[in-house]
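Each chain, written out:
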Amino acid sequence: MSHNINRRHFMLAGAAAAGSIAFSATQKQQPTSIAASQPTLGTMPERILGKTGVSLPVFGLGTAYKPIKDPQQEAEAIELIEKAIALGIRYFDTAANSDYGSSEDHLGKVLPAYRDNIFLATKSDARDRDGAWRDLEKSLKRLNTDYLDLWQMHHVSFMKTLDEMFAANGAMTAIAEAKEQGIIRYTGITGHHEPDVIAEGLRRYPFDTTLISLNAAEVHHPRSFADIALPVAKQQNVGVIAMKVPAYGRLFKPGLLEGMEQAMGYALSLSGVHCCIISADSVAQLESNVRVAQNFQPLSAEQMAAIEQRTAGAWEDNTFFRAWT
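The name recorded for the chain in an unreviewed UniProt entry is Aldo/keto reductase, from Roseofilum casamattae BLCC-M143.

K.L.:
Explain the sheet that holds strand 5 (residues 91-93) to me, please; I cannot follow it from the model alone.
P.N.:
Spatially, the eight strands close up into a barrel ordered 4-5-6-7-8-9-10-11, and their pairing is parallel. Here the strands of the sheet are splayed against their neighbours by 25° on average, with no regard to which way each runs. Judged from the two bridges that link them, strand 10 (residues 239-243) and strand 11 (residues 275-278) form a sheet pairing that is parallel. Note on strand 11: the bridge partner recorded for Ile-241 is Cys-275. Along the sheet, helix 8 (residues 225-235) contacts strand 8 (184-191), strand 9 (209-213) and strand 10; its crossing angle with strand 9, the most-contacted strand, is approximately 170°.

K.L.:
Any chance you could explain the nonpolar core here in plain terms?
P.N.:
The nonpolar side chains of a soluble globular protein tend to be buried, and buried together. Grouped together as the largest cluster of nonpolar side chains are 82 residues, with contacts concentrated most on Phe-59, Phe-92, Trp-151 and Leu-286. Contact partners of Leu-286, with chain neighbours within four places excluded, come to Phe-59, Leu-61, Leu-80, Lys-83, Ala-84, Leu-87, Ile-89 and Ala-280. Counting residues in hydrophobic clusters, the runner-up holds 13 residues, among them Phe-119, Ile-241, Met-243 and Cys-275.

K.L.:
Please clarify how the pairing of strand 7 (residues 148-153) should be interpreted in this entry.
P.N.:
Both faces of the sheet carry side chains from a regular strand, because those side chains alternate between them. Burial runs high along strand 7: six of the six residues are buried. As paired strands, strand 6 (residues 119-124) and strand 7 are joined by four bridges and run parallel to one another. In the sheet register, Lys-123 faces strand 7, and the bridge partner there is Gln-152. In this view, the connection linking strand 6 to its parallel neighbour strand 7 by way of helix 4 (residues 129-143) has right-handed handedness. In terms of strand pairing, strand 7 meets strand 8 through five bridges, oriented parallel. Its bridge partner lying in strand 8, Met-153 is registered against Ile-189.

Cut-off values and rules
Sequence positions are assigned chain by chain, starting from 1 and proceeding in written order. Side-chain atom pairs in this predicted model are given and counted only at pLDDT of 80 or more, local residue features only at pLDDT of at least 70, and totals for whole chains, interfaces and linings cover all residues. To obtain the side-chain values, all non-hydrogen atoms of the structure were included, while hydrogens and water were left out. Think of it this way: DSSP has to see at least two bridges between two strands before they count as a pair. Under the scheme used here, helices are H or I runs from DSSP no shorter than 4 residues and strands are E runs no shorter than 2 residues, and both carry numbers assigned from the N terminus. For helices, the fitted axis covers only the stretch in contact; all axes are lines through C-alpha atoms, and the angles between them, taken along N-to-C directions, range from 0 to 180 degrees. Any pair of residues with heavy atoms lying within 4.5 Å of one another is described as a contacting pair. Nonpolar core, defined: a set of buried Ala, Val, Leu, Ile, Met, Phe, Trp, Tyr and Cys residues in which side-chain atoms within 4.5 Å join the residues together. Partly exposed describes any residue whose relative accessible area lies between the buried limit of under 20% and the exposed limit of over 50%, with all areas from a 1.4 Å probe on protein chains only and scaled to the type maximum. Here the term right-handed applies to a crossover when the path leading from its first strand over the helix to its second strand runs clockwise, the strands being oriented away from the viewer.

Below, the structure is given as structure tokens:
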């Protein structure tokens, strides 16, 4: 098996050359600005994604949700992705595993025409080298690209998982090989289960980014990502992408937050956070989220405290995803 994968590495390295050369100039510039290729209804604020030096809008599109993940909703998925491009979204997040369904395939039908203007991130939940390479090859084929801007180790939940990844034939070997071959630009680690694990992962390896659970209720969790993982990322200038921002809409139950303005505003106002990703189930919802991002202004300490007071009694319901591994 390893012999075949090594042979495929050679083939991929050749295919990736064009992508590596195309980015050689921009990698020397700090910050790198990825310009949108279509007019937008407004301008979203941008931030530098940590040590990557890349300037991106504060809002990106997650794809682990229908219609983008649904193989039966290709037309709707393509419409949503094309609208995201038109609205100025440049950060697209997906993954190779089954939870993301056909999202990579659907993105691969739209994004190649805009490839130089977007930041494309995907993930692997394989813990061994060969499995990670298989995921990477699958992602490249589905996404119809020869390089990734960001390749992430997906939902890293346990210390033993880190040990597996960092073993002699672990997934981190694939990361090193893919980066050396120019197939990936940046590396990341993601998790929504245990912040101590993410913090330890950041200490073991100089990841460029981390995608972690951060919302207006998560801060009340006794082991909060905001208290444990975020400070480590900030200290190391790791690009931080917030996920689970509206807790799948649960934060909008009566008596909690008034809307996405507070949910997104809170997450993006946490010190050390650079951007967030949120899925959308319709063009209308996507447009609404983009308008919120366009109007984003960092919240004051008083506004943050008021939001935290509203969510103090509902943190368990709004951090249900912490049980997922």
